[in-house]
Every structure is written in structure tokens, then in C-alpha cells.
Amino acid sequence: MLSTNVLLVDDEVPFVDTMTKRLTKRNLTILTAYSGAEALDVLRKKQVDVVILDVKMPGMDGIETLREIKKEFPLVEVIMLTGHATIETGIEGMKLGAFDYLMKPCDIEVLLAKVQEAKGKKSAHEEKITQARIHEIALRRGD
Amino acid sequence: MEDRRYYQALTRKMAMIMILVSFAPLLLISVIIGHRFETSYREKVLAHLVELVQKHQQNINIFLSEKLSFIQALANTFTYQELSREVFLTQKLKALQKAYGGIFVDLGVVVEDGIQTAYAGALKLEKADYSEADWFRKAITRDFFISDVFLGLRRQPHFIVAVKREEDGRVWLLRATIDFEAFNSLVESIRIGETGSAFIINREGEFQTRPLIAPVLGEELLRQILVRAREDGSGEGQAHPLIEKMGMGMLRVEGLGHDAAIGEVMLAGRDFLYVTTPLKSGEWILIFQQDESDAFRNLYQTRVLALFIILMGGIGIVVVAFVLASRMSRHVEEADREQEMMNEQVIEAGKLASVGELAAGIAHEINNPIAIMVEEAGWIGDLLHEEDFQDSENLAEFKRALDQIRVQGERCKEITHKLLSFARRTDPRVREVQMNDLIQEIVGVTEQRSRFSNVKINLDLDPSLPAVAASPSEMQQVLLNLINNAIDAIGTGGGEVSITSRVDGEKVVIDVQDTGHGIPKAILPRIFDPFFTTKPVGKGTGLGLSICYGIVKKLGGEITVNSAVGLGTSFHIHLPIHGR
């Protein structure tokens, strides 16, 4: 199985650093970004499966970033991390196409499980797309 | 307990004041008037006795002098020769007896050597020899003489009135015998009450009349007293030597001058009144005696009656004072409790709002550092799994410490999340809400918990309750907080939570009332403050009520509370009716 590429987006540098270490240790490939704009840059350059996105950031905030990500990279799954206990923001995020939301501080194992789930969902999506393409090619060849 | 003692002390104090105020004038009046009355009554009784005795003294003196003057008249008017004629003498006796009844028993003429030469009367005493008789010896030496009572030759109590005449060198006496009974009746008529009676004694203490009631003092004692009264004028307050010797009580004698005295004698536990007065130029003494209890019967009866009235009145006052006082203090107690319950706490909105915002800001800022700390701790935990550390003897300690950091991080998270929800609502969209449905829903949710705590939840919902404009999820939170608080207040002992809904003017009112331990007055104004909690550390965040407050206030409503320690607490939510 291919390693999962995860992009971690948060303005809190120490948080990002520690999470990177912990998740790397759990066999994930971690990319980091410290703002929404930076995250989009990384997405454009690198192959990313799952984005872990903090909702509250200075400048471009989590919801806005999510919107952009979904516009440019619809297949990338996003897990929202929120400091707010507000279901409201979580629900808003889900409506915009986020995979799930977690509250900070969150249990590393829970997060890991969510990431795996998201990765699975993305893989399934990609599989379907691949299948569709194969089918298309097959149809084309069979003319 | 403290309260109970306070109200008991209040009752006692009020009762004491009432008793004091009622008793003081009662006792003062009783003592003063009682004393005055007793003094004047005694004086009056004694004065009356003295007057009575003096009147009889006069009567007796008049009686005696009258009898004497008859005899004197006879002796002076007629000569010895005339009177020596028995026929003449008998005629005179008859005339006297006719005029004065049987007072004059006989008449006789006695010559110098004591021989009765003439006699008129029933006893045939002619030629009787009186030369040895006591009365004769005294009579022969003076102009006239009234003897003491004696039995004489005829063995009958009588006394003799004699007048001496000297005629042509011859000395003779005209004597008359006075009937004792007639004289006795004069004295016997002095009767007062049951024990008041009089008698006459002579200087030697011999009775001159028959006392109807045995005299208390012996003859000798009486004589001594009289001598003493005569000598001292007043023997007041001194124990008489004789009385002392006889083991008797005190004697109080007031001399009234010349053998007249008034006194009190106490003998064998009884008090007697004595009034004495001289008769027959001091040869006889008229003595009146009466039991003091008899003489002052009215006084003593009045005194007993007064004491009875005071006693009964006193009991009445004490009973009424205590009943009234305890009733009054019960009223005060009730009023105090009502006052406490009425003391609705309206919270300063501005202060609370700013504190809430500040808290939310802090919570948000703290959340990130906490997340980092928890992650760092998690990282250390990850590293501990590596082999280098497996042999470390403190491995278990490290793990425990890291675990603790994680647990405390969770706790912080919980607090900050609650704080944040205080500032930003879950689903703040306001719509038409039927509070009754919401209440029933929340009661259903809390049923498990209330049953566990042995709490009975009573609902009294107004079926025609209009809808209010509110966010359902927020109102759920408010109700849940209040009901949970109510159950917590009741504790494990069991109790009741009553939830009512009603319309009050333009508002819908929800009351959540519990029978719990109540909120002490001192902390009542602070209960809506964020972070204010009475629960032990880690058990409560102190945000529940401030969240409720924030929600209700935002909806244009109001939340108030009244509470009394030991009775319970009730919260009232006032919400504006939808569409008004």
C-alpha cells in the first residue's frame, strides 16, 4: 500500500511540528503549511491525499481555504480541526465538502483513524475514476 | 439549628418583656395599696375596739356610780333610826327594785362593829356579823365603797355597794347587794365577731365577771402585764419576762395611759388582741380579748382573695405572654423566610456580558497552547515506546505523568469548549418554540438521572401556553442546566423538582423549583457569574448558569432566582411571547 500523503495546515508552528513528528512515526508522509495560501501552494506542487486543516487561522481562515481546496482539488479529502466546540463550524465545513471535523486537542489515534478513512475514501474515488477511464478507453477501442 | 435557637431566644425575650411590663405595675399596686389598706384597716379596727371598750367603761362606771348614788341618797336622806326600821327599809328596797328590776338584791344597815342591825331582802340576814368580811373592813374606812365580786355568806356571786354615815357620833353603813347577773350582762354584751369578748378583773387578777370565752392569759400574767403597762406606759416590741419564761410568743402592748392599754399577744401560734381600760377608779380593769384572725377576718379574707387574683392573673399573664411571644416569633420567622424567598436576584447584565466575552477570548487563546502541550506529551509518549527506554526503571512513572498531562489537557479542553459555547451558540436560529414540548423532552432526558437521585419531577404546564421566539437547542440547554442543578441541589436524600409553565402578562414564565439545600444569601448574587461554582474542583465549571443567563438575556427575556437555605430554590425564566 502506498504511503499516505498528509498536508498539515495550522498557524501554530509548534503544534504543526509535533504533529508532524508523531504522524511521521505512524508511517504517514507529512507535508506542512502555516497558512491557507501556503497550503494551496503545496497542493499545487505535491501529491496530497488528505489535508488536516485548522479552522481558525489569521488571514485566510479554515473555511475559506477549504472552499479553495475543494474548488481546485475536489478529490483531496479535508479533515477540519477546530478549537471551537461549535458544531456550527463543523457542520458548515461538512457542507462545503470536508470529510469530518475534530476538536483540538484531539487524540492522535482518532486522528490517525480519520486520516486512514479519508484516504480510503479518496482511493475509492480515484479507483472509480480509473475504472471509468478504462471503461471509456475500452469503449473507444471497441468501435 | 442556629436559626431555631435565634427564634427561641426571641420568644423568650418577648415573653420576658411582656411578663415584666405586666407584672411590675400589678405587683407595685398590690404591695402599695395592700400595705396602705392593711395599715388603715388595722388602725380602724383597733380604734373601733378602743372606742367600744371605752364606751362600755363609761356605761359600767355610770352603772356603778348610779347604784352608789341611790344608796348615798338613801343614806343621806334618812336617819339611822328610820333606816333601822325593817318595814321602812323593805319599802325602800321595793321602790328601788320596782324602778330598776332585780339589780338591788337587798339592803342592810351595818353598825361600826360589823353587825347588821337592819335588813331588807329575801335572805334573812338580820344580825349577820360582817366584822371579819373584807369589804366591811375597807368600807368602814372610807365614805363609800364598791366591793369586788365575791361569794359571801350566801354562796352567790355578788358585790356590795356601801355608804358610810356618821350621825350623832355613831358610825354606820348602808349597804346594798348588787345582783351579779345584772352586772355581768353589761359586760357580756360586749361581743364582737366569734371570739371577741370582755371580762373584768380586779387588781389581784381575780375575775369580776364570767368570761364567756376562756381568757388566753392567766390571771397572774394579766396582772403582770397590767403592772408593766402601767409602769412603762409602753411595752412595745419587748418580750415580757413572764411570757418568755412560759415559752410564749411576743407581746406588744401600747399603753394608753392609766391602765388603758392595747396590745397583741402571740400564744401557741395564735395572735390575740387585748384592750384594757380601768374601771372603778382603777380598782377593776375591763379587758377585751379577741383572736386577731377573727378581728381582722375581713382583712385576711381580702388578702387571700387578692393573692389568689394575683396568682391567677400571674399564671394568665405568663401563659398569654408565652403563647403570644411564640406566635409572634413564628410570624417573624415566616416573614423572614418569605422575605428571603422574595429577595429576587436580578443580575447586572453589563458586568456579566463583558466577563463572558473576556472568558471566551481567553478560552480561545488558551486552547491552542493546550493542544500543543498535549501533542508534545503525546510525542514523548511515542518516543517512550522506542527500545532505548524500555529498560528504564522510571518508565511507568513517565507514562503515568504523560497520561496525567493528557487527562488534564482534556479537562482544559472541556472548560474552554464550554466557555466558547457561552460566547457562540450552537444553533442560534430563533424560531417559534412551544416551551411545553421542550420541557417534556428535557424531562425525558433527565429521567434516568432523577430516578437515580430519588428525585420526583412534577410538571404543571399551562396547556394554552403561547409559543415563544427562541432557539430550541439553546432553550434545551437552559432547561437541562436548570434541571440538573435542581437535582444536584437535592443531593441523594430525595426530593421534588416542580416545573411549571404559565403566562404572566406579555411573558411566558417557566419556573424550576426544587426542594434542595437552597443557596446561601451571601453567594446568591454571584451564582450567574462565569466560573462561580460551589462544586468540588473538577466537578463543575461554573458556567452552567452564566450560559443560561446569556441565552435568556439574548432572547429579550429575564432569569431570576429566589432561594431560602433549607427550603429550596426556584428559578424563573421570563420569555417574550412570540409575535408580540
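Structural notes, computed from the coordinates. This structure is a prediction, so every number in the text was calculated from the model and none was measured.

1. As for the side chain of B:E375
Here is step 1: Among the structural elements, B:E375 can be located in helix α10 (residues 349-384).
Here is step 2: Beyond its immediate stretch of four places on either side in the chain, B:E375 contacts A:F15, A:T18, A:M19, A:R22, A:C106 and A:I108.

2. Here we look at the pattern of salt bridges
Think of it this way: side chains of opposite charge can pair up when their charged atoms draw near.
Residue and element names in this part refer to chain A.
Here is step 1: Using the criterion set out here, one finds 25 salt bridges over all chains in the structure.
Here is step 2: A salt bridge links D41 to R44, with the shortest nitrogen-to-oxygen separation between them at 3.2 Å. With D41 and R44 both in helix α2 (residues 36-45) and three residues apart, this pair spans about one turn of that helix.
Here is step 3: Residue classification places R44 among the partly exposed residues on the basis of a relative accessible area of 47%.

3. Topic: the pairing of strand β11 (residues 284-291) of chain B
Residues and elements named next belong to chain B.
Here is step 1: Counting buried positions along β11 gives eight out of eight residues, so the element sits mostly inside the fold.
Here is step 2: Every second residue of β11 is oriented toward a common face, with W284, L286, F288 and Q290 on one face and I285, I287, Q289 and D291 on the other, all of them buried.
Here is step 3: Pairing between strand β7 (residues 196-202) and β11: six bridges, direction antiparallel. By the bridge assignment, I200 is partnered in β11 with L286.

4. Describing the environment of B:M435
Residues and elements named next belong to chain B.
Here is step 1: By the element assignment, M435 lies in helix α12 (residues 435-452).
Here is step 2: Distance in space between the C-alpha atoms of M435 and A469 is 9.8 Å, their sequence separation being 34 residues.
Here is step 3: Residues in contact with M435, not counting those within four places in the same chain, are L465, V468, M475, L479, I510 and L575.

5. Structural notes on the sheet that holds strand β1 (residues 104-111) of chain B
Residues and elements named next belong to chain B.
Here is step 1: Read across the open sheet, the five strands follow the order β2-β1-β5-β4-β3; overall the sheet is antiparallel. With one partner strand each, in any of the chains shown, β2 (116-120) and β3 (144-146) form the two edges of the open sheet. Looking at each pair of strands side by side, their axes are set apart by 15 degrees on average, direction ignored.
Here is step 2: Relative to β1, helix α3 (residues 86-100) is tilted by about 145 degrees, and along the sheet it contacts β1, β2 and β5 (170-179).
Here is step 3: Contacts between helix α5 (residues 180-188) and the sheet are confined to β4 (158-167) and β5, with β5 contributing the most and set at about 60 degrees to the helix.

6. Description of the pairing of β7(B)
As a general feature of sheets, a regular strand has side chains that alternate between the two faces.
All names here are of chain B.
Here is step 1: For β7, the tally of buried residues reaches seven of seven residues, placing the bulk of the element in the interior.
Here is step 2: The alternating pattern of β7 places G196, A198, I200 and N202 on one face and S197, F199 and I201 on the opposite face, and all of these are buried.
Here is step 3: In this structure, the hairpin formed by strand β6 (residues 191-192) and β7 is closed by a connection of three residues, where G193 is found at a positive phi of approximately 60 degrees.

What counts, and where the lines are drawn
Residues numbered from 1 in each chain as written. Chains lettered and ligands numbered in written order. Predicted model: local features only at pLDDT ≥ 70, side-chain atom pairs only at ≥ 80, totals over all residues. Heavy atoms only, no water. Helix = DSSP H or I, 4+ residues; strand = E, 2+ residues; numbered from the N terminus. Contact = heavy atoms within 4.5 Å. Salt bridge = Lys/Arg side-chain N within 4 Å of Asp/Glu carboxyl O. Buried < 20%, exposed > 50% of the residue type's maximum accessible area, 1.4 Å probe, protein only. Pairing = 2+ DSSP bridges. Axes fitted to C-alpha atoms, helices over the stretch in contact; angles between N-to-C directions.

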